[in-house]
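A look at the structure
Listed below, chain by chain, are the residues.
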Amino acid sequence: MPDEDFVSRSSGPASDEDFESPNTGSASGGDASGRRAAPAGAHQEEPAPGQEPAVGAAGTPGEDGTGEPAVSPDGDEAGDRADERPEEWHPEEDDRTAETLRWLVRKRRAERRRRSRDLVVLAYTVVLAAIGYGGGYTALLLRKLSLGADHGDLGEDIRQALPPAFTLLAAVLALIAARDALWRGPVVVPGPAVGWLLTQPVRREAVLRPRLRRSAALAVFGGLLTAAAGAVVLHVTDLAPFGRGLLALLPAAVCLPLLATFLAVAVERRPGLADRVRRLTPGAVAVILLLALRTGLAATGRPTGVPTGADLWSGPWGWAAQPVLRAAGGHAPGWPVAVAALLVLTLAAWVPARRDADRIGNAQLRRRAATVSAVHNGVATMELRAARLAVAAASAGPGRHRWRPRPPRDRRLAVVWRDAVALLRSPGRLGTALTGTMCAAAVAGVAVRTDGELRAPLLVAALFSGYAAVAALAEPARLETDDVRRSAWSPLRLRALMLRHTVLPAASGTLLAALAAVPYALAGAPWTLLVMPLCAPPLAAAAVVAACRGPVRTDLLMPGVVTPAGSPGPFLIAFWYAAGPLVAVGGLALTLHGVPAAGPGAPSVVPVALASVVLTVALLAYAARSADRLVRRG
């Protein structure tokens, strides 16, 4: 199927050929120009390429006179029933799909050549960077793994963790696909194509189904890459040869991504299901955390309370795990039946997915195309904040805030009160902070018990997880600096507002860290009750520094200095972008890794407390200075 994208691009004045209608040729009842007379009640005039169709009685399918999608009592858009053609639609007379797409191919020929050249250059750059920078490290890692004389009980641990690990993988895929479908989804059509192509007398399935197939192919490609990495792990740990392991992983690599894609199509098509996804996301995250805990317990040989057979036959995740478990030497006698059931389920899910793709309304496609365009523009201009705001606005549901707490009497607490109200009205941010804190505590526990070269990277990973948790609580500071005019509500200067916006993230992060340290304190490490909370204030100050960062310093991309490894511009702008987190995490990591121990695995608390105070004061001073600079620029 030819590419049906239509992006109106021209380098000079428009010619008559540029506005040539695709509905040319002789037709019964047509006029001298080849345009067939439209039946009563149908479109009276076809829009020119790139022109939005008229809405109203003759508007786009599934929309009322207001231009908004009509909603049925069951929560589905009336526009989703796009396959219901009016009575005047006669496929043998009105169908212009083939000639419209041929016209598009002719008009897009030059653009497609340019895009092909750009893709070839991008692929060449990525491959060259991967080979030049990552090839040597990858070969060295594989050589070290292959030369390992004894991996201990690692192979047995992996074999025991396979059933819960596949359940965890399926849950993560389902959640990612469902959340992605809230703002983008597998069926994404460019805005000009929605405004022009879908208003022509063409079959919607000829335009929308290729998009679904492309998304499914990309999902399968990612699954195959993951399967290759898993086969390497099975080969290195002597569980299965590479070829046998790859064959065993193929059903999971193909079917699980496809099922996740089909789930995303259902969410994209049904607004009612999208609302349920928003409401159930916190519960799904909690389930994923429990599954991760159960996978870790299974990998260490501890009982999880769930029989292995229940995992293997509980759903497609268990069916996908059975051939892998069999290849690794485990017990899975019914793996052929499981693979057949997985394939049948995937093929059966393909039918409603195709039907749902055809019924997505034009209004919803336009909104998603606008969101995707905003995200692409933000990434291209390195304004990641703008891209994130576009995704958040498209993913958010209708607000239902009925709780109105009374403001405090002390005006000095007004900023903290507003931040607390915003946090309570956005429980997703609190859930993100809780999840990040749990991940940081888990990785920190592994780092404390690890000796050698891996301890420092694990410690840095734990601190970055903690920063992500605290940064989720600093959203009011980022909203304040997105547009400095918003701070006009307060008589305080922007620098004073930024200092007050640090209070809630620091206090909440300290409380969450103290709660995460309780299990370690009960296990015989009471020093964690002091060390872990001390890491929260510098991370909160770093989050406020990131909020006061300002527009992207594109001048750093061309510093005028060339090194043997190339221009340092990308590294300079990356360091500028992450300066606050890098300083906070780097200072805390050096302190925790380098101070003398007060006991087995316990760092001294005094140097950590001193480093926490110094880093917090320095970062807050820099945040105040950055806030003043934002005001001057504004």
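Look up a bit, the structure's there.
Residues numbered from 1 in each chain as written. Predicted model: local features only at pLDDT ≥ 70, side-chain atom pairs only at ≥ 80, totals over all residues. Heavy atoms only, no water.

**Some remarks on the overall build of the protein**
Scanning the protein from N- to C-terminus turns up 24 helices and two strands. With 634 residues in all, the protein has 40% of them scored as buried. For the protein, the proportion of contacts with a sequence separation of at least 24, taken over those separated by at least 6, is 73%. In the form shown here, the protein has an accessible surface area of approximately 34,100 Å², with 65% of it arising from carbon and sulfur atoms. (Helix = DSSP H or I, 4+ residues; strand = E, 2+ residues; numbered from the N terminus. Buried < 20%, exposed > 50% of the residue type's maximum accessible area, 1.4 Å probe, protein only. Contact = heavy atoms within 4.5 Å. Areas by Shrake-Rupley, 256 points an atom, 1.4 Å probe, with all protein chains shown as cover.)

**Things to note about helix 22 (residues 569-577)**
Among all positions of helix 22, only Gly569, Ile573 and Trp576 are buried. The arc enclosing the buried residues of helix 22, seen along the axis, measures out at 60 degrees, which places them on a common side. Buried residues in helix 22 make contact with helix 23 (579-594). (Arc of directions from axis to C-beta.)

**Some points on unusual backbone geometry**
The phi angle at Asp238 is positive, at roughly 60 degrees, despite the residue not being glycine. Mapped onto the elements, Asp238 comes out in the loop between helix 6 (204-236) and helix 7 (242-269). The class for Asp238 is exposed, based on a relative accessible area of 67%. Although it is not a glycine, Met382 adopts a positive phi angle of roughly 60 degrees.

**A word on a nonpolar patch on the surface**
Together, Leu511, Leu515, Val518, Leu522 and Leu529 give the surface a local cluster of nonpolar side chains, amounting to about 490 Å² of exposed area. No other element matches helix 19 (residues 503-522), which puts four residues into the nonpolar patch. Within the secondary structure, Val518 sits in helix 19. (Patch = residues over 30% accessible without salt bridge, like charges linked within 9 Å, V, L, I, M, F, W, Y side chains within 5 Å. Salt bridge = Lys/Arg side-chain N within 4 Å of Asp/Glu carboxyl O.)

**Remarks on the side chain of Thr437**
With respect to the element layout, Thr437 can be found in helix 15 (residues 427-448). For Thr437, the residues in contact, after removing those within four places along its chain, are Ala469, Leu512, Ala513 and Ala516.

**Points about the pattern of salt bridges**
Scanning all chains against the criterion turns up 15 salt bridges. Between Glu268 and Arg368 there is a salt bridge, with the nearest N and O atoms lying 3.9 Å from each other. Of the two residues, Glu268 sits in helix 7 while Arg368 sits in helix 12 (residues 362-380), which places them 100 residues apart along the sequence. Neither Glu268 nor Arg368 differs from the other in exposure class; each is buried. A salt bridge links Arg294 to Asp311; the nearest nitrogen and oxygen atoms lie 3.0 Å apart. On the criterion of sequence distance, the pair formed by Arg294 in helix 8 (residues 271-299) and Asp311 in helix 9 (residues 308-312) is long-range, its members being 17 residues apart. On the basis of relative accessibility, which here comes to 14%, the residue Arg294 falls in the buried class. Salt bridges linked by common partners bring Arg385, Glu475, Arg478 and Asp482 together as one network.

**Notes on the packing of helix 18 (residues 494-501) against helix 24 (residues 605-633)**
At their nearest, the axes of helix 18 and helix 24 sit 8 Å apart, and the two run at 140 degrees to each other. Compared by their axis directions, helix 18 and helix 24 come out oblique. Judged by the sense of rotation from one axis to the other, the crossing of helix 18 with helix 24 is right-handed. Counting all contacts with helix 18, which are made through Leu494, Arg495, Met498 and Leu499, the residues of helix 24 involved are Leu620, Ala624, Ala627, Asp628, Leu630 and Val631. (Axes fitted to C-alpha atoms, helices over the stretch in contact; angles between N-to-C directions. Parallel < 35°, antiparallel > 145°, perpendicular 65-115°, else oblique. Left-handed = near helix turned anticlockwise from the far one by under 90°.)

**Here we look at the nonpolar core**
The biggest cluster of nonpolar side chains holds 49 residues, and the ones touching the most others in it are Phe166, Val187, Leu197, Leu249, Val324 and Leu365. Looking at this core, the elements with two or more residues in it are helix 2 (97-107), helix 4 (154-180), helix 5 (191-196), helix 6, helix 7, helix 10 (316-327) and helix 11 (335-358). Broken down by element, this core gets its largest block of residues, ten residues, from helix 7. Residues contacting Leu365, with those up to four places away along its chain left out, are Val187, Val189, Val194, Leu198, Arg204, Leu208, Glu268 and Ile360. In terms of nonpolar packing, the next biggest core, distinct from the first, is built from 35 residues, Leu494, Met498, Ala589 and Leu630 among them. (Core = buried A, V, L, I, M, F, W, Y, C linked by side-chain atoms within 4.5 Å.)

**With respect to the environment of Thr435**
Tracing the backbone shows Thr435 in helix 15. Residues Thr435 and Ser465 lie 30 residues apart in sequence; the distance between their C-alpha atoms is 9.1 Å. Look past the residues within four positions of Thr435 in its chain and what remains in contact with it is Val285 and Leu289. At a separation of 2.8 Å, a polar atom in the side chain of Thr435 contacts the main-chain carbonyl oxygen of Gly431. (Polar contact = N/O pair within 3.5 Å; in protein donor to acceptor, adjacent residues only side chain to side chain.)

**Brief notes about the packing of aromatic side chains**
In total, this model carries three aromatic pairs according to the counting rule given. Residues Trp103 and Trp196 carry aromatic rings whose centres are separated by 5.0 Å and whose planes lie at 40 degrees to one another, so their mutual orientation is tilted. Separated by 93 residues along the polypeptide, Trp103 in helix 2 and Trp196 in helix 5 bring together distant segments of the chain. For Trp103, a relative accessible area of 2% puts it in the buried group. Against the face of Tyr577 rests Arg549, its NZ or CZ located 3.8 Å from the ring centre. (Phe/Tyr/Trp six-rings, centres within 6.5 Å; stacked < 30°, edge-to-face > 60°. Lys NZ or Arg CZ within 6 Å of the ring centre and 35° of its normal.)

**Observations concerning the side chain of Asp419**
Assignment of secondary structure puts Asp419 in helix 14 (residues 414-424). At 5.2 Å, Arg418 is the nearest oppositely charged side chain to Asp419, a buried residue that forms no salt bridge. Not counting chain neighbours up to four residues away, the residues in contact with Asp419 comprise Pro476, Arg500, His501 and Leu504. (Lys, Arg positive; Asp, Glu negative; His and termini not counted.)

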